[in-house]
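Examination of the molecular architecture
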Amino acid sequence: MRVVQVITNLSLGGAQRFVLDLTRELNGLPGVQCTVHSLSDQQPFYPTDPWLEIAHDLKYRGTSWRDVPALVDVCRRLRRFIKERQIDIIHTHLWEADWIGSLATLGTRASHFSYLHWEIPWFTSSRPGFRVRKLCLAAALRLARSRLIAGSESTGEYVRRHLDIPAPRVSVVPTGIDTSIYEGIVPRRLRAQNSAGTVFGMIGRLVPEKGHDLAIGAVEILTRTAPDVRLVVAGDGEARTMIEELIARKRLHGHVECIGRITDVRSFYESIDALIQPSRTEVMPLAVHEALASGVPVVASRIGGMPKVVCDGENGFLVDAGSVEELADRMAKFLVMPADKYRNMSNQARATVQQNFSMGVVARQILALYENTNRMEGGSRDAARRA
């Protein structure tokens, strides 16, 4: 089976890391050849295997979704590639790639899959431009008879409702990670039990929906009784200036540190006691899986797929999205948590991901969807040819 993963770009982000890890796992399964195509010619942020084929020949130069000439050009390029290489599956990630990939498969032998990494906020917007964009995307997915894979049940329901996609065409496969990357990591609390204070961490894109302001507000509350509490924020993005201004305004320079983009995630997880994920909207952030696989407990919002992964009181804590007070209360539990309780929570965190959310498990589930679709649609194509 020949599979192509198409993504808008390979910059910093959970979707980008997921695509690279999924491709690696699929190539390790019998009878599968999988490559990655990026619409951008930007080099991957994450390290890749030397043998991994990453093509940039699509050369998408669109300045917006309204750039019809650029859209037509990239669809032609991808359609030509599908036909020349006899591709069986086009699997797209992020909405621009979804739109282009679905249109490119029309009139070819390839089946189209889209992985939904989050609940796209503009699906619910009343602004005319966003409504037209949603209608165009929905029409393309229906024309291509696309199969959608949601990262959580809530995301699957969200896309069925807003894009009017028939339920049988939407499956749920949680995101996963390559757990081997995080083997041997010992969280700070277990490695340095006599160290003063408690260190929390956040890692990923700095965007408003991730709730960095909520985490900073929670730290402000904790410092009233625990002056040695710290929060380390790794990553970059559009909200960085706002975050730094908020830290300065609350005079938390000694407690909250923005360290920018990092590539050594092992060192990051070894340096913190717990990960904070107070997202306002989310499907299943990569950071939650990474932290749990590292044995680092997580405090996360009770939204998206996170309640399926974070078991309240067992491998972390869940809080209502947007509640600074509840977030501070759950973070405070780590300030007084006995060593044996923390160790049990750390062990449970690691076991949760290894048993249920390793990329090996996820890749086999996705391959089963590919194969099932190939059997059904392959038979339909053969019948059409005979007719």
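Residues numbered from 1 in each chain as written. Predicted model: local features only at pLDDT ≥ 70, side-chain atom pairs only at ≥ 80, totals over all residues. Heavy atoms only, no water.

Points about unusual backbone geometry
Using the following cut-off: By the criteria applied, helices consist of DSSP H or I runs no shorter than four residues and strands consist of E runs no shorter than two, each listed in order from the N terminus. Three exposure classes are used, based on accessible area relative to the maximum for each residue type with a 1.4 Å probe and protein chains only: buried under 20%, partly exposed in between, and exposed over 50%.
The phi torsion at Gln86 lies on the positive side, around 55 degrees, for a residue other than glycine. Within the secondary structure, Gln86 sits in the loop between α2 (68-85) and β4 (89-93). In this structure Gln86 comes out as partly exposed when scored by relative accessible area, which is 45%. One non-glycine residue, Leu94, lies in the positive phi region at around 80 degrees. Mapped onto the secondary structure, Leu94 falls in the loop between β4 and α3 (95-105).

What to know about the pattern of salt bridges
What counts is decided by this rule: Salt bridge, as used here, is a side-chain nitrogen of Lys or Arg placed within 4 Å of a carboxyl oxygen of Asp or Glu.
A full pass over the atoms with the stated rule returns 18 salt bridges. The closest approach of N and O atoms between Asp329 and Arg330, which form a salt bridge, is 2.5 Å. With a relative accessible area of 38%, Asp329 lands in the partly exposed category. Within the structure, one salt-bridge network assembled from shared partners comprises Arg17, Asp21, Arg24 and Asp178.

Examining the pairing of strand β2 (residues 33-38)
Let me state the cut-off plainly: By definition, two strands form a pair when at least two bridges between them are found by DSSP.
Of all six residues in β2, five are buried; the element is thus mostly enclosed. In this structure, strand β1 (residues 2-7) lies alongside β2, joined through six bridges in parallel fashion. Looking at β2, one finds that Gln5 is bridged to Val36.

Observations regarding the environment of Thr179
Applicable threshold: The contact criterion used is simple: two residues touch if any of their non-hydrogen atoms lie within 4.5 Å.
Locating Thr179 in the fold gives a position in the loop between β7 (170-172) and α6 (188-191). The class of Thr179 is buried, set by a relative accessible area of 18%. Along the primary structure Thr179 and Val353 are separated by 174 residues, whereas in three dimensions their C-alpha atoms are 7.7 Å apart. The contact partners of Thr179, leaving out residues within four places of it in the chain, are Val353, Gln354 and Ser358.

Some details on the packing of helix α7 (residues 212-222) against helix α12 (residues 324-335)
Stated formally: Only the stretch in contact is used when a helix axis is fitted, and all axes are lines through C-alpha atoms; the angle between N-to-C directions ranges over 0 to 180 degrees. The labels follow the angle: roughly parallel below 35 degrees, roughly antiparallel above 145, roughly perpendicular from 65 to 115, and oblique for the rest. In a left-handed crossing the near helix is turned counterclockwise from the far helix by less than a right angle, and in a right-handed crossing that turn is clockwise.
Running from N to C, α7 and α12 point in directions that differ by 60 degrees, and their axes come no closer than 8 Å. Taken together, the axis directions place α7 and α12 in an arrangement best described as oblique. When you trace α7 past α12, the crossing you get is right-handed. Here α7 contributes Leu214, Ala215, Gly217, Ala218, Val219, Ile221 and Leu222 to the contact with α12, which in turn contributes Val324, Glu325, Leu327, Ala328, Met331 and Ala332.

Re the packing of aromatic side chains
The line we're drawing: The aromatic pairing rule takes the rings of Phe, Tyr and Trp, using the six-membered ring of Trp, and pairs them if the centres are within 6.5 Å, calling planes under 30 degrees apart stacked, those over 60 edge-to-face and the rest tilted. Charge over a ring is defined by NZ of Lys or CZ of Arg lying within 6 Å of the ring centre and within 35 degrees of the ring normal.
Throughout the structure, instances matching the rule amount to twelve aromatic pairs. Between the aromatic rings of Phe18 and Tyr115, the centroid separation amounts to 4.7 Å while the plane-to-plane angle is 35 degrees, which identifies the pairing as tilted. Remark: Tyr115 occurs in strand β5 (residues 111-116) and Phe18 occurs in helix α1 (residues 14-27); sequence separation between them is 97 residues. As far as burial versus exposure is concerned, Phe18 and Tyr115 are alike and both buried. Residues Trp122 and Phe130 carry aromatic rings whose centres are separated by 6.2 Å and whose planes lie at 15 degrees to one another, so their mutual orientation is stacked. A relative accessible area of 11% places Trp122 in the buried class. Positioned above the aromatic ring of Trp122 is the side chain of Arg133, whose terminal nitrogen or guanidinium carbon lies 4.6 Å from the ring centre. The aromatic ring of Tyr342 is capped on one face by Arg189, whose charged end is 5.1 Å from the ring centroid.

What to know about the side chain of His93
The condition is simple: By the criterion applied in these results, polar contacts are pairs of N or O atoms within 3.5 Å in which, for protein atoms, one can donate a hydrogen and the other can accept it, and in which residues neighboring in sequence qualify only through two side-chain atoms.
Secondary-structure assignment places His93 in strand β4. Accessibility expressed as a relative area gives 0% for His93, which makes it buried. Polar side-chain contacts of His93 include one of 3.0 Å to the side chain of His117. If we skip the residues at most four places from it in the chain, His93 touches Gln5, Val6, Ile7, Thr8, Phe18, Val19, Asp98, Tyr115 and His117.

Some remarks on the sheet that holds strand β8 (residues 198-203)
What the six strands build is an open sheet, ordered β10-β9-β8-β11-β12-β13; its pairing is parallel. Among the strands making up the open sheet, the edge pair consists of β10 (256-260) and β13 (316-319). Strand-to-strand twist in this sheet, taken as the mean axis angle between neighbours without regard to direction, amounts to 25 degrees. Two elements, strand β12 (residues 298-301) and β13, share four bridges in a ladder whose sense is parallel. Along β13, the bridge assignment pairs Val299 with Phe317. Along the sheet, α7 contacts β8, β9 (229-234), β10 and β11 (274-277); its crossing angle with β9, the most-contacted strand, is approximately 165 degrees.

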